[in-house]
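If you want the building blocks of each chain, they are given just below.
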There are 2 protein chains.
Amino acid sequence: MPKDRAPTRIQKKNRAMILDAALNVFSAHGFRGATVDQIASEAGLSKPNLLYYFPSKEAIHTALLSGLLEVWLAPLHALDENGDPMEEILAYIQRKLQMSRELPRESRLFANELVQGAPRIHAALSEDLKALVDSKVIILTRWMDQGKIARVHPYHLIFSIWALTQHYADFDVQVRAILGDEDPFEGAEPFVDLLYRKLLTP
Amino acid sequence: MPKDRAPTRIQKKNRAMILDAALNVFSAHGFRGATVDQIASEAGLSKPNLLYYFPSKEAIHTALLSGLLEVWLAPLHALDENGDPMEEILAYIQRKLQMSRELPRESRLFANELVQGAPRIHAALSEDLKALVDSKVIILTRWMDQGKIARVHPYHLIFSIWALTQHYADFDVQVRAILGDEDPFEGAEPFVDLLYRKLLTP
DNA sequence: TCTTGATTTGACCATCTGGTCAAACTCAGG
DNA sequence: CCTGAGTTTGACCAGATGGTCAAATCAAGA
């Protein structure tokens, strides 16, 4: 195991390669379905070498998830209480949709974890995520009180945004099986924009 | 392996117990994450005994999926071109939501399979499912042409219904981590009803 | 160049897992 | 109560998998 001094050039490079390879493998096969050998070979390392940088498969997975949670929640974090309500929400939705498009592996990593009961990130959900959502729900509720947007159940509003946008990353195969060659996001963007505009217009 | 005569009383009972146990285990852990021993013990059988009824783990999974696909698509199948457009669509949504509530294991079984690229049901998606969706899209499009419902991208309309309703089953842990004790479906039902009423009112 | 810590690896291990098999047990019909 | 088909199981196997370790190799500063 590398000492915990300042990481060397090689340590930085290899840790990064491992995490990227792990993201590929975990997002495609889930935690149980991923093998250390697979991650190692995708990272261009031997298995013992990989385990020189991370003590276990579990440790890689944990490092990945906790490193990406921040990225994952950033779009919601950026929802600004001082902006125009409708535009803020629509912009949030566009950011989420763009993440599904550009970071589908990250989306599926979380989807895999959640659909199996989130055994490894349950704490983060009911602490960090809940706190963030609660704080934004306060803002949404105020906007509704002020008549800036229509009154709807604010928690379900957020759930619906997650569901709609992440669907395109998580269930990509299904969407593509039905749409054929058409780019899913081409139609998705105007669709969700219209949907939330109609829902939230007072 | 049981002969393929008429199944005996014991065969019927054990096959059913195995499929129910397999649904529990596969939906909670995915194909790779499930073990034959786990399914066997949940079904109250020894592993060799279980493999007397199904030739392999794969066979159990296939039997489950193909047996449930029909159930899973039934709500969309029931969308009636002769009914009132708005009521038909809202009823379809309620049926889907009810399935998430009453058959969450089934939902997660498919979610697990899809999120990992649907390696075992890809054919069913691009054949049966696509054909069904295409046929219903024709009906939706006609309703839009007739001005009975607002014009939106019909495929994305269907995707959005799947996303919104299945979210409550597939990502149940996340929803509950945020809502606490509140029953998710209590708020979800009026929320989605309002959402699609606003979206589809011409 | 030499030294020392960082890095890499081949060989190995224990456990888990899907699956097999022959022997034993159960049970309904004659 | 026999008998033969249907059912169940303990013991076992081969391959996969997570992880270890001592020895070998490399790299950078003195």
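Residues numbered from 1 in each chain as written. Chains lettered and ligands numbered in written order. Predicted model: local features only at pLDDT ≥ 70, side-chain atom pairs only at ≥ 80, totals over all residues. Heavy atoms only, no water.

Asker: When you look at the protein's contact with DNA strand C in this model, what are you seeing that I'm missing?
Answerer: Near DNA strand C lie 21 residues; those nearest to it are T8, Q11, R32 and Y53 of chain A together with K57 of chain B. Here the atoms of DNA strand C within 4 Å of the protein split so that 58% fall in sugar or phosphate, with bases taking the remainder. The side chain of Q11 of chain A places a nitrogen or oxygen atom 2.6 Å from a phosphate oxygen of DNA strand C. Considered class by class, the residues forming the surface near DNA strand C number 8 nonpolar, 7 polar and 6 charged. (Near = heavy atom within 4 Å. Polar contact = N/O pair within 3.5 Å; in protein donor to acceptor, adjacent residues only side chain to side chain. Nonpolar A, V, L, I, M, F, W, Y, C, P; charged D, E, K, R; others polar.)

Asker: Would you take a moment to explain the domain arrangement of chain A for this structure?
Answerer: Interfaces are frequently sized by the accessible area removed from exposure as the parts join. All names here are of chain A. One can read the domain layout of chain A as domain 1 (1–55) and domain 2 (64–200). Listed as interface residues are 9 residues of domain 1 and, on the opposing side, 8 residues of domain 2. Of the roughly 800 Å² buried between domain 1 and domain 2, counting both surfaces, carbon and sulfur atoms make up 63%. Broken down residue by residue, the surface that domain 1 buries against domain 2 is led by L23, S27 and F31, which jointly contribute 61%. Summed over the shared surface of domain 1 and domain 2, the number is 1 salt bridge. A salt bridge links R105 to D20, with the nearest nitrogen and oxygen atoms 3.3 Å apart. Here domain 1 is connected to domain 2 by 3 residue pairs in polar contact (both at pLDDT 80 or more). Of the residues contributing to the side of domain 1 that touches domain 2, the split by class is 5 nonpolar, 3 polar and 1 charged. (Domains from an automatic or database assignment. Contact = heavy atoms within 4.5 Å. Buried area = accessible area lost by both parts, 1.4 Å probe. Salt bridge = Lys/Arg side-chain N within 4 Å of Asp/Glu carboxyl O.)

Asker: Just checking my understanding: could you explain the protein's contact with DNA strand D for this structure?
Answerer: Around DNA strand D, 21 residues are found, and the nearest of them are R9 of chain A together with T8, Q11, R32 and Y53 of chain B. Counting only the atoms of DNA strand D that lie within 4 Å of the protein, the sugar and phosphate share comes to 58%. One of the backbone nitrogen or oxygen atoms of V36 of chain A is found 2.9 Å away from a phosphate oxygen of DNA strand D. Take N14 of chain B: an N or O atom from its side chain is 3.1 Å from a phosphate oxygen of DNA strand D. Broken down by secondary-structure element, the contributors of at least two residues to the surface near DNA strand D are helix 3 (47–53) of chain A together with helix 1 (9–33) and helix 3 (47–53) of chain B. In terms of residue class, the surface near DNA strand D is made up of 8 nonpolar, 7 polar and 6 charged. (Helix = DSSP H or I, 4+ residues; strand = E, 2+ residues; numbered from the N terminus.)

Asker: Mind showing me how you'd approach the packing of helix 5 (residues 85–102) of chain A against helix 10 (residues 184–200) of chain A here?
Answerer: Between two packed helices, both the angle of their axes relative to each other and the distance between the axes serve to describe the pair. Residues and elements named next belong to chain A. Contact geometry for helix 5 and helix 10: axes closest at 10 Å, N-to-C directions at 155 degrees. With respect to each other, helix 5 and helix 10 are oriented roughly antiparallel. Like other packed secondary-structure pairs, helix 5 and helix 10 cross with a definite hand, here right-handed. Facing helix 5, whose interface residues are M86, E87, I89, L90, I93, Q94, L97, S100 and R101, helix 10 presents F185, E186, A188, E189, V192, D193, Y196, R197 and L200. For the contact of helix 5 with helix 10, a count of residues per class yields 10 nonpolar, 2 polar and 6 charged. (Axes fitted to C-alpha atoms, helices over the stretch in contact; angles between N-to-C directions. Parallel < 35°, antiparallel > 145°, perpendicular 65-115°, else oblique. Left-handed = near helix turned anticlockwise from the far one by under 90°.)

Asker: How should the interface of chain A and chain B be read in this particular structure?
Answerer: Of the residues lining the interface, 53 residues belong to chain A; the matching set on chain B comes to 53 residues. Taking both partners together, chain A and chain B bury about 4,600 Å²; carbon and sulfur atoms supply 70% of that area. For the chain A face of the interface with chain B, the top three residues by lost area are V115, H156 and I178 of chain A, together amounting to 15%. Viewed at the interface, chain B and chain A are joined by 17 residue pairs in polar contact (both at pLDDT 80 or more). If you list the elements that add at least two residues to the side of chain A that touches chain B, you get helix 1 (9–33), helix 6 (104–115), helix 7 (122–145), helix 8 (154–170), helix 9 (172–179) and helix 10 of chain A. For the side of chain A that touches chain B, a count of residues per class yields 29 nonpolar, 17 polar and 7 charged.

Asker: How should the packing of helix 8 of chain A against helix 8 (residues 154–170) of chain B be read in this particular structure?
Answerer: At a minimum axis separation of 8 Å, helix 8 of chain A and helix 8 of chain B run at an interaxial angle of 120 degrees. What the angle tells us is that helix 8 of chain A and helix 8 of chain B run oblique. When you trace helix 8 of chain A past helix 8 of chain B, the crossing you get is right-handed. Contacts from H156, F159, S160, W162, A163, L164, H167 and Y168 of chain A of helix 8 of chain A reach helix 8 of chain B at H156, F159, S160, W162, A163, L164, H167 and Y168 of chain B. Considering only residue class, the contact of helix 8 of chain A with helix 8 of chain B consists of 10 nonpolar, 6 polar and no charged.

Asker: What is the right way to read the pattern of salt bridges from this model?
Answerer: A side chain of one charge can pair with a side chain of the opposite charge when the charged atoms of the two come close. For the structure on display, the rule yields 20 salt bridges over all chains. One salt bridge in this structure joins R120 of chain B and E113 of chain B, with 3.6 Å as the shortest N-O distance. Counted as one network, the salt bridges with shared partners bring together E87, D193 and R197 of chain A.

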